[in-house]
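# Structural description and commentary
Here is how the chains run, residue by residue.
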Amino acid sequence: MDVPSCLLLILYIQAVSISSISIVTTLPRPGTITPEGSNLTISCSSSVPWFFCLFNSPMGDKQCAIQESEVNSVCSSDTLLSLSGESSTCSLDIARVTRHMHGGWMCLLNEISEFDSVKTIVKVEVGVAAKVVWKTDTQEDILHLTEGEEKEIVCMAADGYPAMDFMWSSYRTENRRSLVRNAREYLGSIEQGKKYPDESSDSSITNRTGKATYSLTHGSHLYSGSQSLLYRANMSDNGTTILCRVQQSTAGGSVLYTSTVQLQLHVEQIIMSQTTAIEENIGIISGIILAIIFIILIFILIAFLLTRRRKLDKKYSSVPNKDELLTPIWVPGKVSCMEVSSARQFANDYHENDDVQGQSASTRYKIVPTHNTQHHKGQYCPCPQIPIIPDHLLDLSLESHSGDSCTDNSITHSVAGATLSR
């Protein structure tokens, strides 16, 4: 390639670079919050003079203009908007900003030589003051409480931008001494173990705040928030005014909005009626009586169980000498004499097994002297002369008689089916 050709190529490249358009600066700058109701100018500055300029709002409205010797608006859909500018700057003037204008605005510039275009998004932030109200029921900003009653006082801020901070304070009417407590700073100092200064009786009213909660309104950039104060009524706080201050600031710390609501505490003393006192005394006495009755019943139950256990121990007590129970009453094959009472206690004849029995020649009775010297009466001892009967032919039955008689044994000869009974 010869030298003239290289020079022409360089000149062409420079011409193309000069004729291409780019956006250099925009307004407003990022992070700038424009309060609702104020005026605002949105502008785009290009590297070369622009021929055509277009702004498209978040609502879909369009503003456009062309520039030849001067800027002329060719499309307009809102009377609050107007286009203006210079050779390399296109500006959109807004007479009164509304909350609906919050969002990204598109800026498009076009140059005439090559008809190149460039666009960018300019972010517009619209500040909106939140509406602050008490969520707690009050009567003309007076909160009626009874001494000792615990109440959650809720301060709510709705539909605001940017997000809000809550601050609580309280003062007495007579001296108007205000004690401000930033809820976030106070909670942070408590978490770090630090003592917040000026811990007085009034400050104790506003130092029991909870954590603030926030929510974003659907389809909007507005925030809503609330914070609660847990308060226990005290007679010393009667007439105290509690304030909730909501503050909205920019990221740089500039305060945009401040709103305050207040309420007055009206604490009433608890008056206990005579009827209530009597009812409480009756309840206490009734409780004591029931407790005594319950204790008595427990003692009765214990005594009953112990008595029953003693009876069971006596019923199933062991015999000292078990051999006494095993002593035989009568041994087969022995002829024994049995002592009976006086003969006058018996009839001559008696019936047994449909047969008449009595003193006969076959049975011999003799009076035997008693071996006990204390008894003077004679006792009969029947000693029948009977043969020894085998054990398998005997039918022995035992009976016990009461009275002063000894064991009465009667032996009857058994021949061909006869039985011996005692």
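Overview of the structure. From a predicted model like this one, the values you see are computed outputs, not experimental measurements. (Residues numbered from 1 in each chain as written. Predicted model: local features only at pLDDT ≥ 70, side-chain atom pairs only at ≥ 80, totals over all residues. Heavy atoms only, no water.)

### Focus on the overall build of the chain
The criterion, for reference: The secondary structure listing takes helices from DSSP runs of H or I that are at least 4 residues long and strands from runs of E that are at least 2 residues long, numbered from the N terminus. Only protein chains enter the accessibility calculation, which uses a 1.4 Å probe. A residue is then buried if its area is under 20% of the maximum for its type, exposed if over 50%, and partly exposed in between. When checking whether two residues touch, look at their non-hydrogen atoms; a contact exists if any pair is within 4.5 Å. Per-residue and other accessible areas follow the Shrake-Rupley method at a 1.4 Å probe size, with only the shown protein chains counted as cover for residues.
Assigned secondary structure in the chain consists of 3 helices and 23 strands. Each of the 422 residues in the chain was classed as buried or not, and the buried ones make up 30%. Restricting to contacts in the chain with at least 6 residues of sequence separation, those with at least 24 account for 59%. In the form shown here, the chain has an accessible surface area of approximately 28100 Å², with 55% of it arising from carbon and sulfur atoms.

### Structural notes on the state of the cysteines
As a reminder of what qualifies: By convention in this document, the label disulfide applies to cysteine sulfur atom pairs within 2.5 Å.
As enumerated under the stated definition, the model contains 4 disulfides in all. Between the sulfur of Cys44 and that of Cys107 lies a disulfide, 2.2 Å long from S to S. Here Cys44 is found in strand S3 (residues 40–46), whereas its partner Cys107 is found in strand S9 (residues 103–110), with 63 residues between them in sequence. An identical accessibility class is assigned to Cys44 and Cys107; each is buried. Two residues, Cys53 and Cys90, share a disulfide whose sulfurs are 1.9 Å apart.

### A short note on the nonpolar core
The condition that has to hold: We define a nonpolar core as any set of buried Ala, Val, Leu, Ile, Met, Phe, Trp, Tyr and Cys residues linked to one another through side-chain atoms lying within 4.5 Å.
With 23 residues, the main nonpolar core has Trp134, Ile153, Cys155, Phe166, Trp168 and Ile242 as its most contacted residues. Looking at which element gives the most residues to this core, the answer is strand S19 (residues 255–268), with 4 residues. Of all hydrophobic cores here, the second largest spans 22 residues; its members include Leu40, Trp50, Phe55 and Leu92.

### A look at the sheet that holds strand S11 (residues 131–134)
Threshold: A pair of strands counts as paired when DSSP detects no fewer than two bridges linking them. All axes are obtained by fitting lines to C-alpha atoms, using only the stretch in contact for helices, and the reported angles, taken between N-to-C directions, cover 0 to 180 degrees.
Strands sit in the order S11-S13-S17-S16 across an open sheet of 4 strands; the sheet is antiparallel. Taken across any chain shown, the strands that pair with only one partner, and hence form the sheet edges, are S11 and strand S16 (213–216). Along the sheet, successive strands turn relative to each other by an average axial angle of 20°, direction set aside. In the sheet, S16 pairs with strand S17 (residues 223–232) via 4 bridges, with the strands oriented antiparallel. Bridge pairing in S17 links Thr213 to Ser226.

### Concerning the side chain of Ser228
Filter applied, for reference: Contacts described as polar in this section are N or O atom pairs within 3.5 Å, which, within protein, must combine one atom able to donate a hydrogen with one able to accept it, while residues neighboring in sequence count only if both atoms come from side chains.
With respect to the element layout, Ser228 can be found in strand S17. Side-chain polar atoms of Ser228 contact the side chain of Glu152, separated by 3.2 Å. Leaving out residues up to four positions away in the same chain, Ser228 has contacts with Glu152, Ile153, Val154, Trp168, Arg208, Thr209 and Gly210.

### Side note on the environment of Met106
Turning to its location among the elements, Met106 is positioned in strand S9. Residue classification places Met106 among the buried positions, given a relative accessible area of 19%. Spatially, the C-alpha atoms of Met106 and Leu54 are 7.9 Å apart, while their sequence positions differ by 52 residues. Apart from the residues within four sequence positions on either side, Met106 is in contact with Leu54, Phe55, Asn56, Lys119, Thr120 and Ile121.

### Some words on the sheet that holds strand S7 (residues 81–85)
Taken in spatial order, the 4 strands of this open sheet run S1-S3-S8-S7, and their pairing is antiparallel. Because the sheet does not close on itself, it has two edges, and the strands there are strand S1 (23–27) and S7. Geometrically, the sheet is characterised by an average inter-axis angle of 15° between neighbouring strands, direction not taken into account. Two elements, S7 and strand S8 (residues 89–94), share 5 bridges in a ladder whose sense is antiparallel. Note that in S8 the partner of Ser82 across the bridge is Asp93.

### Points about the pattern of salt bridges
Oppositely charged side chains can pair when the atoms bearing their charge come close. The cut-off we apply is this: Whenever Lys or Arg places a side-chain nitrogen within 4 Å of a carboxyl oxygen from Asp or Glu, that contact is recorded as a salt bridge.
Applying the stated criterion across every chain, the model contains 3 salt bridges. Among the ionic pairs, Glu36 bridges to Arg99, the shortest N-O distance being 3.1 Å. Highlighted residues: Glu36 in the loop between strand S2 (33–35) and S3 and Arg99 in the loop between S8 and S9, separated in sequence by 63 residues. Taking the relative accessible area as the measure of exposure, Glu36 reaches 32% and is therefore partly exposed. Among the salt bridges present, the one from Arg232 reaches Glu150, with a minimum N-O distance of 3.1 Å. With a gap of 82 residues between them, Arg232 in strand S17 and Glu150 in strand S13 (residues 150–160) connect regions that are remote in the sequence. Owing to a relative accessible area of 46%, Arg232 belongs among the partly exposed residues under this scheme.

### Section: unusual backbone geometry
Here Leu27 and Pro28 are connected by a cis peptide whose omega angle stands at 0°. Residue position: Pro28 is located in the loop between S1 and S2. With an omega of 0°, the peptide bond between Tyr161 and Pro162 qualifies as cis. Secondary-structure assignment places Pro162 in the loop between S13 and strand S14 (164–172). Despite not being glycine, Glu140 shows a phi value in the positive range, around 55°. Topologically, Glu140 is positioned in the loop between S11 and strand S12 (142–146). We classify Glu140 as exposed; its relative accessible area is 76%. For Asp159, which is not glycine, the phi torsion reads 55° and is therefore positive. When you line up the elements, Asp159 lands in strand S13.

Read these as layout, nothing more, since geometry by itself doesn't imply function.
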